[in-house]
Amino acid sequence: MYIYDAFDRRLLAERVVDFRDQVSRRLSGELSEEEFKPLRLMNGVYLQLHAYMLRIAIPYGTLSTLQLRKLAEIARKYDRGYGHFTTRQNIQFHWIKLAELPDAMAELAAVGMHGMQTSGNNVRNITTDQWAGVAPDEIEDPRIWAELIRQHVTLHPEFSFMPRKFKIAVGASHHDRAALRIHDMALRLHRNAAGEAGFEVMVGGGLGRTPYLAQTIKPLLPKRDVLSYVEAVLRTYNQFGRRDNIWKARIKILVHDLGAEAFAKEVEAEWQSIRDGALALEPAMVADIAGRFRYPNYATLDDGPPELAAARRGDRAFDVWLSNCVTNHKMLGYAIATLSLKPEGGTPGDCTAAQMDKLADLADRYSFGEVRVGHEQNLALPHVAQRDLPALWRELGAIGLARTNVNLVSDIISCPGLDYCSLANARSIPIAQEITRRFHDLDRQRNLGRLHINISGCINACGHHHVGHIGILGVEKNGEEFYQITLGGKADENATLGTLIGPAVPYAQVADVVEDIAAAYLDLRDKPNELFIDTVKRVGIEPFRERVYAAR
Amino acid sequence: MPLVENGQIVQDRYTYVGDEEPIPERVPVIVPAQRFLAEADALIRRDGSLGVGWPNDRRIGELAPWLGHLALVALKFPKFRDGRAYSQARLLRETYRFRGTLRATGDVLRDQFHFLIRAGFDSFEVKKPADAHAFAEAANRYSVVYQPSADGRTPALRRRVTATATESADAIDTAKR
Amino acid sequence: MTSPLDQKKIKIAGPVVVTANRVGDGAVVYRSPDGGWTTELGGAAIVIDADSARVLAEAAAGDDLHAIGPYIAPVKLLPGGNVRPGNLRELIRRGGPTIELPAPLES
C-alpha cells in the first residue's frame, strides 16, 4: 500500500484546517447552506434522511490495519458502532454530526484517510480491482497509476466545479474485476502486439437514468502521457459538459451527443498542446510514487502445502470455504481470501466496529497488515500464506466473516436505499435481506452457482442494478414501493446492460420473483455448470418473463 | 462589490461599458465580448487600456488572436458551482500565454480563492466584503499542491524528485511558500 | 416516496407539515408554530391549504442557520389528536431505518 510522505500529510492537515473553518463559518451563519453545501460535499459530507453521512475514501480499496482500526474507532466514537462499505470502495458512516466532523476528520487524517472528493462535482475515489497488486493475471500493479492520478486530481484548481461528478477506474488485466466500462473514464493497462505497455482509455460510461457503457477513444496511451491525457479529457468535459440539466450533465451524455470520434478529436487537440509540458511524467516521478508502495516480504513457499490438503480432506466446511472464497495469488504459496459481508438477514456491506478490530488483528497475523475493499461490498485479505488458510478460516468463522456465499445468489450488492438515503424511492436492504433468507441453504446456493443480484433504491443506480445478472430497481407507484426487474447485466470485460423483463412488482413479491427466476434457470440450463448469466444469454429473457409473470 | 488585487482591496481603475453606450476616451474599459469582436479594429487602436468580458460558454480560443492588445480579460462565474472559467483561465495563461490582468467576476467567494489564484486569476470582484477582507488569509491555506497550474507553483511530484540535500520533504514545515 | 427535494409546485392533498434536518447533527426536525424547530412531530405546525404551506415553507427556507433542506411533508391526523407521518419516507425519517442496525446503539 502507499505510504504517505510529508507532502501528503501536510496537504491533508491543511485540508482539515480549511474544513474546520468552513464548518465554523457555517454554524455561525456566515456561510449559507447554499454556499456550504458544495464545500461539505467536497469533503464527503452528505445529508441523508436521519443524519449527515460521511463517506471516506479508500483509494483503490487498500487499507492498512492501522487505518481499519481507526475506522472502528470512528464508528464507535462518532457513529453507531458500524460502517458500510460501498460499491466504489469507500466506507460510509450514516450517523455523523456536522459539529463533530472536523474532529473526526483530524483523527482520520492522522492515519492518512479523508473524505476529500468522495462527493461533489469533482473527480471521485479512483477505484481498481480489489486484487490489484496480487492478482496473477495483471501485467503490473495498477494502484501506482491510480495513486498518480489520485494526487493529480486532488484539490485540482480547474476541476473542482465540473458539470457533475467524475468517476475513474484503473485496471491492469484482461479480465475486468473493476467494472471499468461503467465509469466516466477507465484506463486499462495492457500490452499491444509489439509488447509495448500502455493504457486503453475508455470514456463515457455511467449508469443512472441513461446508462451507457464506456467507449474506447485511445487504444494505447503511453504511460508517460497518462496525466496529460486525463487532464485533456477533464478539460474537455469541464468546458462542454451540459450544465442546464442535472440528468444530462455527465460526460456520458457529452460523448453520446458528440459521438465518441468527435469527442476523441476534441480531447486529442487539447492533449497534443499539453502532452510535452509539465504533465509529462518523468521516470523519476513514477519511481518516487512506486517507491512508497510497500509490498510484503513474502516468504519463499511452495504451492499446495500438505497442511492444506490435509485440512481439505479433514473438514468439508473448510473445503467448501476454500473453493468458494479463496483465489490464486501471483506469489507461489500464497492466496487471496475473500470475506463475505453478506450474512443471512444482514445488510450487504455493513461491518461492525468489533468485526473491524478483530479483522485487523487477523490481517496483522495472516495478511501482512493489509485488507482490501471490493466494489462488490466484500473485503479481502490479499496476502495469506496457503499453509495458514485453515487457521485463518477458523478465526474468520468466529467473527462471522467466513460465509461461503461469495459470488452466489445471497452475495447481493445493494445501495442503502430508503432506510437511509434521501434520494431513494424505495427500500433496498429489506429486499436483500429477504432474498438471503429465502436462499439461506448454501447447498442450494452452490447449485445455482455464480449469480449476481444488484439492488438500487432509485434510478441513481448506486447499487449498479443495470449490470447485475438480476437487477432490481426500486420505484414508487402511488405511495407504494415497486421494483423493476432486469436480467442479463454484466460488469466485466463483456459489460452488458440488463433488460427489463416486465412491469414492476410490489415489495412483497420481489423475493418470490427471484425464486421464480432461479427455478426457471434450473429448468432451462443445458447442463449443471452452465452459469445463470450464460443461460440468460442463450435462451433470452422471454422464458424468464413468462415464468415470472405467469401468475402475476 | 470590493475588488481585490495583490491581496488588498483596491479601487477599480476600469469602467464597464455596455453593449450600446459610447466608450469613454482614454480610461481603462471593459467591453463585452460580442461588442469587442464587432468593433475590434477600432477598439485596439483606441487610446486607453482595453479589457474584454468573456462569457463562460464560449470558447476562449476565439479571443486568442487579440490577446496582445488586451490589458485585461474578465471571466465569469454565474454561480460559483459553474467552473467553466477555470478552464478558460488556464488556457489563457498556459496555452495562449496571456500576461495581462485576469479578473474573476460573478459569484466569487472566499472558498474558491485558492483555486482561482492557482488557475491564474490575479484580480477578483469579491461578492462579500467580509471575504474581501479575509483574502490574504484565505488565499494561503495550502502549502502543498499536487498539480502544476497557471500560478507556477511547484507540484509535490516535482518537489519530491528535486529535493536537494539541504531541503527535504520534512523541511516543508518551515519552508515559506 | 419520490424524493421531495425538488418540490416546485405546491399541491396539498391533506394536512401537511414542513420538515427539515437540523444543522448541527442532521436530526429530523419539524417547523413549529412559534417559528422554531422541534424534533417532535406532535409539536409541528400543521396546515391544510397550499398558501399556508407555502408561507410556512418559505419561512423555514430562510432559516438555514438552524435547519436545512425544508420541504412540505404529508401527515395523518388521527382521532384523539395524534399526528402520524403521512407516507413511508416520513415514517422512516421519524422512526429510523426499518431494519435492525448491525450493532447496538451506543449511548
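This is a predicted model, so every value here is computed, not measured. (Residues numbered from 1 in each chain as written. Chains lettered and ligands numbered in written order. Predicted model: local features only at pLDDT ≥ 70, side-chain atom pairs only at ≥ 80, totals over all residues.)

S.K.: Outline the arrangement of the chains, listing residues and values.
M.R.: The assembly contains two pairs of chains in contact; the pair sharing the most contacts is chains A and C. Regarding chain B and chain C, which are not in contact, the minimum distance between any of their C-alpha atoms is 18 Å. (Contact = placed C-beta atoms within 7 Å.)

S.K.: Provide a residue-level description of the interface of chain B and chain A, including the pertinent values.
M.R.: Taken residue by residue, the interface counts 29 residues in chain B and 32 residues in chain A. Secondary-structure elements contributing two or more residues to the side of chain B that touches chain A are α2 (84-95), α3 (113-119) and α6 (156-162) of chain B. (Helix = DSSP H or I, 4+ residues; strand = E, 2+ residues; numbered from the N terminus.)

S.K.: How would you explain the sheet that holds strand β14 (residues 370-373) of chain A if you had to name every residue and give the values?
M.R.: Residue and element names in this part refer to chain A. One open sheet holds the five strands; their spatial order is β3-β14-β15-β12-β11, and the pairing between them is antiparallel. Since the sheet does not close on itself, it has two edges, and those belong to β3 (62-64) and β11 (326-328), each with one partner. In this sheet, neighbouring strand axes are inclined to one another by 30° on average, regardless of whether the strands run parallel or antiparallel. In this sheet, strand β12 (residues 334-339) lies alongside β11 in antiparallel orientation, the contact comprising three bridges. (Pairing = 2+ DSSP bridges. Axes fitted to C-alpha atoms, helices over the stretch in contact; angles between N-to-C directions.)

S.K.: Describe the domain arrangement of chain B, listing the residues and the values that go with them.
M.R.: Residue and element names in this part refer to chain B. For chain B, the domain assignment lists domain 1 (3-141) and domain 2 (142-177). A separation of 29 Å is found between the C-alpha centroids of domain 1 and domain 2. Mapped by element, the contributors of at least two residues to the side of domain 1 that touches domain 2 are α2 and α3. The residue inventory of the side of domain 1 that touches domain 2, partitioned by class, reads three nonpolar, three polar and five charged. (Domains from an automatic or database assignment. Nonpolar A, V, L, I, M, F, W, Y, C, P; charged D, E, K, R; others polar.)

S.K.: Give me the lowdown on the pairing of strand β7 (residues 168-171) of chain A, citing residues and values where you can.
M.R.: Residues and elements named next belong to chain A. Residues I168 and V170 of β7 are buried on one face, and the alternating residues A169 and G171, pointing to the opposite face, are buried as well. Here strand β6 (residues 127-128) runs beside β7; their pairing, made up of two bridges, is parallel. Directly across from T127, in β7, lies its bridge partner A169. Traced from β6 through helix α5 (residues 143-153) to β7, the parallel crossover comes out left-handed. Where β7 meets strand β8 (residues 185-191), four bridges bridge the pair, whose relative direction is parallel. Note on β8: the bridge partner recorded for I168 is M185. (Buried ≥ 20, exposed ≤ 12 C-beta atoms within 10 Å, placed from the backbone. Right-handed = clockwise from strand over helix to strand, strands pointing away.)

S.K.: Please set out helix α1 (residues 6-27) of chain A residue by residue, giving values where relevant.
M.R.: Over its 22 residues, α1 of chain A runs 31 Å from end to end, which matches the ideal 32 Å to within 8%, given 1.5 Å per residue. Within the sequence span of α1 of chain A, burial applies to F7, D8, L11, L12, R15, V16, D18, F19, Q22, V23 and R26 of chain A. If you follow the buried residues of α1 of chain A, they end up packed against α2 (33-41) and α4 (101-110) of chain A together with α6 of chain B. One or two positions beyond α1 of chain A, positive phi appears at G29 of chain A, with a value near 90°. (Expected span 1.5 Å × (residues − 1).)

S.K.: Account for the interface of chain C and chain A, with residues named and values stated.
M.R.: Listed as interface residues are 28 residues of chain C and, on the opposing side, 33 residues of chain A. Those elements that place two or more of their residues in the side of chain C that touches chain A are β4 (67-77) and α2 (88-95) of chain C. With three residues, the single largest contributor to the side of chain C that touches chain A is α2 of chain C. Here the side of chain C that touches chain A is composed, by residue class, of 14 nonpolar, nine polar and five charged.

S.K.: Kindly report on unusual backbone geometry, identifying the contributing residues and their values.
M.R.: Residues and elements named next belong to chain A. One non-glycine residue, N407, adopts positive backbone phi at about 70°. Tracing the chain through its elements places N407 in the loop between α13 (389-398) and β16 (413-414). Note on N407: 16 C-beta atoms within 10 Å, which makes it partly exposed. The phi dihedral of A461 is positive, around 65°, even though this residue is not glycine. Within the secondary structure, A461 sits in the loop between β17 (453-456) and β18 (470-477).

S.K.: Before we move on, can you summarise the pairing of strand β15 (residues 379-385) of chain A with the specific residues and values?
M.R.: Residue and element names in this part refer to chain A. Most of β15 is tucked away: seven of the seven residues are buried. Sheet topology note: the β12/β15 ladder contains five bridges and is antiparallel. Paired with Y334 across the strands is A385, a residue of β15. Two strands pair when backbone bridges link them, and β14 and β15 are joined in this way by two bridges, in the antiparallel orientation. Paired with R372 across the bridge in β15 is A380. Connecting the antiparallel pair β14 and β15 is a turn made up of five residues, with Q377 showing a positive phi of about 70°.

S.K.: Before we move on, could you go through the packing of α1 of chain A against α4 of chain A and cite the residues and values that matter?
M.R.: Residues and elements named next belong to chain A. Running from N to C, α1 and α4 point in directions that differ by 175°, and their axes come no closer than 9 Å. In terms of their interaxial angle, α1 and α4 are classed as roughly antiparallel. Taken together, the residues of α4 that come into contact with α1 (itself represented by L12, A13, V16, F19, R20 and V23) are L101, P102, M105, A106 and A109. Taken together, the residues of the contact of α1 with α4 break down into 10 nonpolar, no polar and one charged. (Parallel < 35°, antiparallel > 145°, perpendicular 65-115°, else oblique.)

S.K.: So what's going on with the confidence of the model for chain C? Which residues, and what values?
M.R.: The share of residues in chain C with pLDDT of 70 or more is 88%, and the mean pLDDT across the chain is 88. On the interface metric, ipTM, the complex scores 0.94, and its pTM is 0.94. (pLDDT = per-residue confidence, 0-100.)

S.K.: Which residues make up the environment of E231 of chain A, and what are the values?
M.R.: All names here are of chain A. Here E231 is to be found in helix α6 (residues 226-240). Separated by 34 residues in the primary sequence, E231 and A197 place their C-alpha atoms 20 Å from one another. In contact with E231, not counting residues within four places along its chain, are I274 and L279.

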